[in-house]
Amino acid sequence: MKRFLLVSDIHATNEDPSSSSASSYVSSYSASASARLDPISELEVVIREDKLNPDYILCPGDITNRSNPQSRTRKGFNDIHILQGVW
């Protein structure tokens, strides 16, 4: 049986995720505070600790927020590729 990891509607952005007006916690914004708010890093931990080992990653929905070019090239797609190498 094949196993799938579903990561939907990431909405990666380049905003400070610690800001109350941030549209997403997944961000290419580089600040030490934002590292604590990265749900993709937490997902990596869960995949490793629970030995999920999915065969495929599916990402329906929006990868970037409003087609943000910075987050599209640096964050959204990169995070999905990083998850691929976790198991």
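Before any of the text, the structure's been laid out above.
A few points on the structure. In this numbering scheme, every chain counts its residues from 1 along its sequence in written order. With pLDDT at 70 or above as the cut-off, local features in this predicted model cover only qualifying residues; side-chain atom pairs require 80 or more to be listed or tallied, and sums for whole chains, interfaces and linings still use all residues. By convention in this description, side-chain values take in all heavy atoms of the structure and omit both hydrogens and water.

## Notes on unusual backbone geometry
The phi torsion of most residues other than glycine is negative, and most of the peptide bonds are trans. Even without being glycine, D9 reaches a positive phi, approximately 50°. A run of H or I in DSSP becomes a helix once it reaches four residues, and a run of E becomes a strand once it reaches two; helices and strands are each numbered from the N terminus. Among the secondary structure elements, D9 is positioned in the loop between β1 (4–6) and α1 (32–35). The phi dihedral of K51 is positive, around 50°, even though this residue is not glycine. Its location among the elements puts K51 in the loop between α2 (39–49) and β2 (56–58). Remark: exposure states derive from per-residue accessible area (1.4 Å probe, protein chains only) relative to the maximum for the residue type, with buried under 20%, exposed over 50%, and partly exposed in between. Judged by its relative accessible area of 62%, K51 falls in the exposed class.

## As for the pattern of salt bridges
The term salt bridge refers to a side-chain nitrogen of Lys or Arg lying within 4 Å of a carboxyl oxygen of Asp or Glu. The tally for this structure, following the rule as stated, stands at 1 salt bridge. A salt bridge links E44 to R48, with the shortest nitrogen-to-oxygen separation between them at 3.8 Å. Pair noted here: E44 and R48 are both in helix α2, with a separation of 4 residues, about one helical turn. Given a relative accessible area of 47%, R48 falls into the partly exposed group.

## Describing the nonpolar core
As used in this record, nonpolar core signifies buried Ala, Val, Leu, Ile, Met, Phe, Trp, Tyr and Cys residues forming a set joined through side-chain atoms within 4.5 Å. Counting residues in each nonpolar core, the largest one holds 10 residues, listed as L5, V7, I10, A12, V26, I40, I47, I63, I80 and L83. For this core, the secondary structure elements donating two or more residues are α2 and α3 (69–84). It only takes one pair of heavy atoms within 4.5 Å for two residues to be counted as in contact. Those residues in contact with L5 that lie beyond four places of it in its chain are I47, P54, Y56, I57, L58 and L83.

## Concerning the packing of aromatic side chains
Any pair of Phe, Tyr and Trp rings, taking the six-membered ring for Trp, is counted once the centres come within 6.5 Å. Such a pair is stacked with planes under 30 degrees apart, edge-to-face with planes over 60 apart, and tilted for the rest. Enumeration according to the criterion identifies 1 aromatic pair in this entry. Between F4 and Y56, the ring centres sit 5.3 Å apart and the planes meet at 20°, which makes this aromatic pair stacked. With F4 in strand β1 and Y56 in strand β2, this pair connects stretches of sequence that are 52 residues apart. A relative accessible area of 42% places Y56 in the partly exposed class.

## Notes on the side chain of T13
For T13, the position within the fold is in the loop between β1 and α1. Relative accessible area serves as the criterion here: at 2%, T13 is assigned to the buried category. Two N or O atoms count as a polar contact when they lie within 3.5 Å, although within protein this holds only if one can serve as hydrogen donor and the other as acceptor, and sequence-adjacent residues are included solely when both atoms are side-chain atoms. Among the polar contacts made by the side chain of T13, one reaches the main-chain amide nitrogen of E15 at a distance of 3.4 Å.

## Let's talk about α2
Residues of α2 that are buried: I40, E44 and I47. Looking straight down α2, one finds that the buried residues subtend no more than 65° of arc, so they occupy a single side. Among the exposed residues of α2, those oriented more than 90 degrees off its buried face are E42 and E49. A positive phi of about 50° marks K51, the residue just after α2. Think of the arc as the fan of directions from the helix axis to the C-beta atoms.

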